[in-house]
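# Breakdown of the fold
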Amino acid sequence: MKPNKHFLNKSNSFWAIVRYSSQKLGYSDRKSKGMKRYDLKSLNYTISQFNVPIKLTKEVLLYLNYRAELIEINIEPLLMDREQAKDIFENLKYKYNPKCPLPLNKQKGQKKHFNYFSCIINILTEVNLIGKRFDGEPRSLSLIADNNNKPIITLSRWMDGAYPNVHNPIAVWEVKEYYGTTTFGSRVADGVYETQLDGYEILEAGKYLERKIEHYLLIDDRRTWWIQGKSYICRIIDMMHIGLVDEVIFGKEVLSRWPEIVKAWP
C-alpha cells in the first residue's frame, strides 16, 4: 500500500490535529464495526480550543475520511488468518524448495511452527532476486556508513530482513505477524512504536547519505489488526504518510506487491 501523494509533506500541525482528533472522536464505529466517518461540525468542535485555520481543518477532515475508506475498503479484505497464511506458505515451499531462512516462532512444543508470513516474504524475496544475496533473518544491528565508509548510525533494533546485507542496506523491512495471539494491547502498540523509531533513525541517516534506504513494513493477522486493532492500522497509515516507512504491505498484498518491490532493487 503506497502513500497518497496528496497527504505527503504535511505540517506538524496537520499531524498533531490528526492524532488529537482521532483520539477524541474515535477510530471505529461500534454499530457498523467498521471505520468511523467524520464531519466538519464535530471536527470543528473537537479542536475549537486551538487556533486552527479552516483550510487546515478541512484538509484534516479530508485525510481522516480518506484513511477510513482506505482501511475499510482496501486493507481489510487483504488481511489473512493463520490457516490462510499457512496454506500459502506450504504451497510456496513445495513449489520453490527455498534455500533462504524460514524463521520459526518462539513457542515450544505443539505451539511451535513456522512464522508463516515471514517465510512467505523470504521465499518471494529469494525467488524474485534470482540469485542475488539478501539477509532473511538478520541477528545483528544494522550499521549505516556514508560513501567514505564513515559510520553514520547504528539502528537501535534488529530488522527482519535486509538487502543486500544488514550493513549498509539498500532496503530493510519489518514484519508484524500476530497469528494466534490471544493477548493484545502493549505488544501491538510496541510493534507500531518500534517501527516509528526505526523510521526516524533511517530518516536521520538519510541526511548524511547520497542515497535512500528503503524502509518497508509488512503486517498480517485479521483478528489482531481488524477485529481488535483498527486504531493501530490508522497509526500505521499516518506513519506511512509522515514518511517514517516507504510502504506498508498488508496480508495477501504480499503476493502481488512484494515481488514488484524486490525486482526493482539494483
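The following refers to the structure shown. If you're wondering where the values come from, they're calculated on a predicted model, not measured in any experiment.

## Looking at the overall build of the protein
Counting its regular elements, the protein contains 9 helices and 8 strands. Relative to the 2.2 N^0.38 estimate, which gives 18 Å for 266 residues, the radius of gyration of the protein is 19 Å and therefore close to what a compact globule would have. Along the longest, intermediate and shortest principal axes, the C-alpha atoms of the protein span 55 × 50 × 30 Å. Counted over contacts in the protein with a minimum sequence separation of 6, partners at least 24 positions apart contribute 69%. Total accessible area on the protein stands at roughly 14000 Å², and carbon and sulfur atoms take up 50% of it. In the protein, 40 side chains carry a positive charge and 31 a negative one; their mean positions are 3 Å apart.

## Structural notes on the state of the cysteines
The final tally for this structure, using the stated rule, is 0 disulfides. In this model Cys-100 remains outside any disulfide bridge; the closest cysteine sulfur is found in Cys-119, 7.6 Å from its own. Residue classification places Cys-100 among the buried positions, given a relative accessible area of 9%.

## Regarding the sheet that holds strand β5 (residues 161-163)
One open sheet accounts for 4 strands, arranged β5-β6-β7-β8; its pairing is mixed. Two strands bound the open sheet, and with one partner strand each, they are β5 and β8 (247-250). Strand-to-strand twist across the sheet, computed as the mean angle between neighbouring axes with direction ignored, equals 20°. Across 3 bridges, β5 lies against strand β6 (residues 171-177) in antiparallel orientation. If you follow Gly-161 over to β6, its bridge partner there is Trp-173. Each of β5, β6 and β7 (214-220) is contacted by helix α5 (residues 116-129), which is oriented at about 150° to β6, the strand it contacts most.

## Some thoughts on the packing of helix α3 (residues 54-75) against helix α8 (residues 230-242)
At their nearest, the axes of α3 and α8 sit 11 Å apart, and the two run at 115° to each other. In this structure, α3 meets α8 at a crossing whose hand is right-handed. Contacts from Tyr-63, Tyr-66, Arg-67, Leu-70, Ile-71 and Ile-75 in α3 reach Ile-233, Cys-234, Ile-237, Asp-238 and His-241 in α8. Each residue belonging to the contact of α3 with α8 can be placed in one class, and the counts come to 8 nonpolar, 1 polar and 2 charged.

## Section: the nonpolar core
Formed by 42 residues in total, the largest nonpolar core has its most connected members in Trp-225, Ile-236, Ile-237 and Phe-250. At the level of secondary structure, the elements contributing two or more residues to this core comprise α1 (12-25), α3, α6 (186-206), β7, α7 (222-228), α8 and β8. At 9 residues, the largest contribution of residues to this core is made by α3. For Phe-250, the contacting residues outside a window of four places in its chain are Met-1, Ile-75, Leu-78, Leu-79, Ile-219, Ile-233, Ile-236 and Ile-237. Grouped together as the second largest cluster of nonpolar side chains are 28 residues, Met-80, Ile-88, Leu-124 and Ile-261 included.

## Quick look at the packing of aromatic side chains
Counted according to the given criterion, the structure contains 16 aromatic pairs. Ring centres 4.9 Å apart and planes at 50° place the aromatic pair Phe-89 and Phe-114 in the tilted group. In this pair, Phe-89 is assigned in helix α4 (residues 82-96) and Phe-114 in the loop between α4 and α5, connecting sequence segments 25 residues apart. Judged by its relative accessible area of 27%, Phe-114 falls in the partly exposed class. When the ring of Trp-173 is compared with that of Trp-265, the centres are 5.5 Å apart and the planes differ by 15°; the resulting orientation is stacked. Separated by 92 residues along the polypeptide, Trp-173 in strand β6 and Trp-265 in the segment after α9 (253-263) bring together distant segments of the chain.

## A few points about the pattern of salt bridges
Tallied over the full model, the rule gives 13 salt bridges. Lys-207 is paired through a salt bridge with Glu-204; the nearest N and O atoms lie 3.0 Å apart. Since its relative accessible area comes to 32%, Glu-204 is described here as partly exposed. Residue Glu-247 is joined to Arg-257 by a salt bridge in which the shortest nitrogen-to-oxygen separation is 2.6 Å. With Glu-247 in strand β8 and Arg-257 in helix α9, this pair connects stretches of sequence that are 10 residues apart. Side by side, Glu-247 and Arg-257 carry an identical accessibility label, which is buried.

## Brief notes about the pairing of β7
Among the 7 residues that make up β7, 6 are buried, leaving the element largely enclosed by the rest of the structure. As paired elements, β6 and β7 share 7 bridges and run parallel to each other. Paired with Ala-171 across the bridge in β7 is Glu-214. Bridge analysis of β7 against β8 gives 4 bridges, and the strand direction is parallel. Counterpart to Leu-217 in the pairing with β8 is Val-248.

Rules behind the numbers
Residues numbered from 1 in each chain as written. Predicted model: local features only at pLDDT ≥ 70, side-chain atom pairs only at ≥ 80, totals over all residues. Heavy atoms only, no water. Helix = DSSP H or I, 4+ residues; strand = E, 2+ residues; numbered from the N terminus. Rg over C-alpha atoms; globule rule 2.2 N^0.38 Å. Contact = heavy atoms within 4.5 Å. Areas by Shrake-Rupley, 256 points an atom, 1.4 Å probe, with all protein chains shown as cover. Lys, Arg positive; Asp, Glu negative; His and termini not counted. Charge placed at Lys NZ, Arg CZ, Asp CG, Glu CD. Disulfide = S-S within 2.5 Å. Buried < 20%, exposed > 50% of the residue type's maximum accessible area, 1.4 Å probe, protein only. Pairing = 2+ DSSP bridges. Axes fitted to C-alpha atoms, helices over the stretch in contact; angles between N-to-C directions. Left-handed = near helix turned anticlockwise from the far one by under 90°. Nonpolar A, V, L, I, M, F, W, Y, C, P; charged D, E, K, R; others polar. Core = buried A, V, L, I, M, F, W, Y, C linked by side-chain atoms within 4.5 Å. Phe/Tyr/Trp six-rings, centres within 6.5 Å; stacked < 30°, edge-to-face > 60°. Salt bridge = Lys/Arg side-chain N within 4 Å of Asp/Glu carboxyl O.

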